[in-house]
Amino acid sequence: MKTVLIGVGQAGGKLATEIANFDAEMEFGAVTGALAVNSAKTDLRSLPLDTVLIGQDRVNGHGVGGDNELGAEVMQADSHEVVEALEGRITSEAEAIWVAAGLGGGTGSGGAPVLVKELSRIYSVPVYALGVLPGQGEGSMYQVNAGRSLKTLAREADATLLVDNDAWHSAGESVEEGFDAINKAIAQRFGLLLAAGEAVEGVGESVVDTSEVINTLRTGGIAALGYATAEAAPDAEENINVVMSTARRALLTGTSLPDATEAEAALLAIAGEPDRLSRKGVERARSWLEEELGCMQVRGGDFPLGSERVAALVLLGGVERSKRVEQFFERAKAAQQETDAIEEERESADSLFQNDQLDNLI
Ligand SMILES: Nc1nc2c(ncn2[C@@H]2O[C@H](COP(=O)(O)OP(=O)(O)OP(=O)(O)O)[C@@H](O)[C@H]2O)c(=O)[nH]1
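Residues numbered from 1 in each chain as written. Predicted model: local features only at pLDDT ≥ 70, side-chain atom pairs only at ≥ 80, totals over all residues. Heavy atoms only, no water.

### Some points on the pattern of salt bridges
Stage number 1. Across all of its chains, the model carries 15 salt bridges by this definition.
Stage number 2. With a shortest N-O distance of 2.8 Å, Glu198 and Lys2 are connected by a salt bridge. Of this pair, Glu198 sits in the loop between helix H7 (179–195) and helix H8 (210–217) while Lys2 is found in the segment before strand S1 (3–8), placing the two residues 196 residues apart along the sequence.
Stage number 3. Linking Asp164 and Arg324 is a salt bridge whose minimum nitrogen-to-oxygen distance equals 3.0 Å. (Salt bridge = Lys/Arg side-chain N within 4 Å of Asp/Glu carboxyl O. Helix = DSSP H or I, 4+ residues; strand = E, 2+ residues; numbered from the N terminus.)

Structure below.
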């Protein structure tokens, strides 16, 4: 999928960089342009991408400090600058625009939905979002911000691929310590998804095509991505079970949104050296996915890659009714109630001190 990537906010910029780097290192050529947008000058300085600073008149390059309403406002005011910077990048070969952001902060959380809406108005290619959900251990503000942002994104974007920050970090490291590792994991998996369908010489009927990725995302709403790899034998015949078990792991333990096992559509891409890819294995895994997801729309195919291992990539479309998404919205709602209660308490304390009778006492 020939893609123009836009990272909004700190996490968005770092992710856009990692994904563009991965695509370049692998020589896939799926990322045709990348841009980072932020209201914080220092976060942009370290990135090797073209950048756009927004909200300078409001926050003077210092970021919006987690205020996602302000993030939305500064994007609204300055989105024309982003559109200007994109000029000439959305060429006729572009098949999609992806806007990446951490949904728990301010600039990305508030700005990404506004930008997605604006770009959808202007361009005819699909505009997707890659959104990072805060981990469970992150504070209330992050959960509230992400809840609000996700609701709008899911409505405005052609689809929103979610990565839970708790999903792909290694045991023992905190989410913050693990950001670099998580970003690398996201870049590799998401980068492979963009490249699936970009393949290559000698394309056979069984090879995954970009249109299948787009059709799987056509259900709209929220999407998730699963991934697993395994050693493979040189002979495809010996890899029927390898393909099957790798696909199972990709869905059951390797998704970006753990436990998202109800989907409206899915795509299974099995990557590896063509000689090692078992067609029978791919077909069996596809049938298993249909049953497991309770969904008749499961596409499947090969993704030829020069690797002796096989990898299974499972894209799930329309997962918004799955337990994990419901749990997240409950978490965001509880955090909102907590925040409202604190606010009320503060207001009643303020009104106590503004009481005229108190003035008379002094
Ligand atoms: N996966 C991942 N998540 C990150 C990273 N940096 C921050 N986050 C998450 O993103 C959210 C915060 O978003 P940021 O991108 O830091 O904030 P911002 O959009 O720049 O907004 P402001 O700093 O408020 O202007 C939190 O939920 C963090 O857990 C990162 O490098 N990788």
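### Observations concerning the sheet that holds strand S10 (residues 309–317)
Stage number 1. With mixed pairing, the 10 strands of this open sheet are ordered in space as S3-S2-S1-S4-S5-S6-S7-S10-S8-S9. The sheet is open, and its two borders are formed by strand S3 (50–53) and strand S9 (298–304), each paired with just one other strand. Taken over all neighbouring pairs, the strand axes of this sheet differ in orientation by 25 degrees on average, direction set aside.
Stage number 2. Taken together, the four bridges between strand S2 (residues 31–38) and S3 define a ladder with parallel strand orientation. Residue pairing across strands places Leu35 opposite Asp50, the latter belonging to S3. (Pairing = 2+ DSSP bridges. Axes fitted to C-alpha atoms, helices over the stretch in contact; angles between N-to-C directions.)

### Describing the domain arrangement of the protein chain
Stage number 1. Domain boundaries in the protein chain define domain 1 (3–195) and domain 2 (221–317).
Stage number 2. Here the C-alpha centre of domain 2 lies 27 Å away from the C-alpha centre of domain 1.
Stage number 3. Contact with domain 1, which involves 19 residues of that partner, is made by 15 residues of domain 2.
Stage number 4. Taking both sides of the interface into account, the surface hidden between domain 1 and domain 2 amounts to around 1400 Å²; carbon and sulfur atoms contribute 74%.
Stage number 5. If you look at where domain 1 meets domain 2, you find zero salt bridges.
Stage number 6. On inspection of domain 1 and its partner domain 2, the count reaches seven residue pairs in polar contact (both at pLDDT 80 or more).
Stage number 7. Contributions of two or more residues to the side of domain 1 that touches domain 2 are made by helix H6 (140–156), strand S6 (160–164) and H7.
Stage number 8. Examining the composition of the side of domain 1 that touches domain 2, we find that six residues originate from one element, H7, more than from any other.
Stage number 9. Per-class residue counts for the side of domain 1 that touches domain 2 are 14 nonpolar, two polar and three charged. (Domains from an automatic or database assignment. Contact = heavy atoms within 4.5 Å. Buried area = accessible area lost by both parts, 1.4 Å probe. Polar contact = N/O pair within 3.5 Å; in protein donor to acceptor, adjacent residues only side chain to side chain. Nonpolar A, V, L, I, M, F, W, Y, C, P; charged D, E, K, R; others polar.)

### Regarding unusual backbone geometry
Stage number 1. For Asn60, which is not a glycine, the phi torsion comes out positive at approximately 55 degrees.
Stage number 2. Within the secondary structure layout, Asn60 lies in the loop between helix H3 (56–59) and helix H4 (68–86).

### Details of H8
Stage number 1. With six of eight residues buried, H8 lies mostly within the body of the structure.
Stage number 2. Of the residues making up H8, those classed as buried are Thr210, Glu212, Val213, Ile214, Thr216 and Leu217. (Buried < 20%, exposed > 50% of the residue type's maximum accessible area, 1.4 Å probe, protein only.)

### Here we look at the packing of aromatic side chains
We describe a pair of aromatic rings using the distance from one ring centre to the other and the angle between the two ring planes.
Stage number 1. If you walk through the whole model with that rule in mind, you get five aromatic pairs.
Stage number 2. Measuring from centroid to centroid gives 4.8 Å for Trp98 and Tyr128, while their planes differ by 40 degrees, and the two rings are tilted. Of this pair, Trp98 sits in strand S4 (residues 96–102) while Tyr128 sits in strand S5 (residues 127–133), and the two are 30 residues apart along the sequence. Like Trp98, the residue Tyr128 is buried in the burial classification.
Stage number 3. Judged by centre distance (5.5 Å) and plane angle (55 degrees), the rings of Phe328 and Phe329 are tilted.
Stage number 4. Residue Phe328 is classed as buried on the basis of its relative accessible area, which comes to 2%.
Stage number 5. Each member of the aromatic cluster is reached from another via a ring pair, and the members are Phe22, Phe28 and Phe303.
Stage number 6. Over the ring of Trp168 we find Arg189, and its NZ or CZ is 4.6 Å from the ring centre. (Phe/Tyr/Trp six-rings, centres within 6.5 Å; stacked < 30°, edge-to-face > 60°. Lys NZ or Arg CZ within 6 Å of the ring centre and 35° of its normal.)

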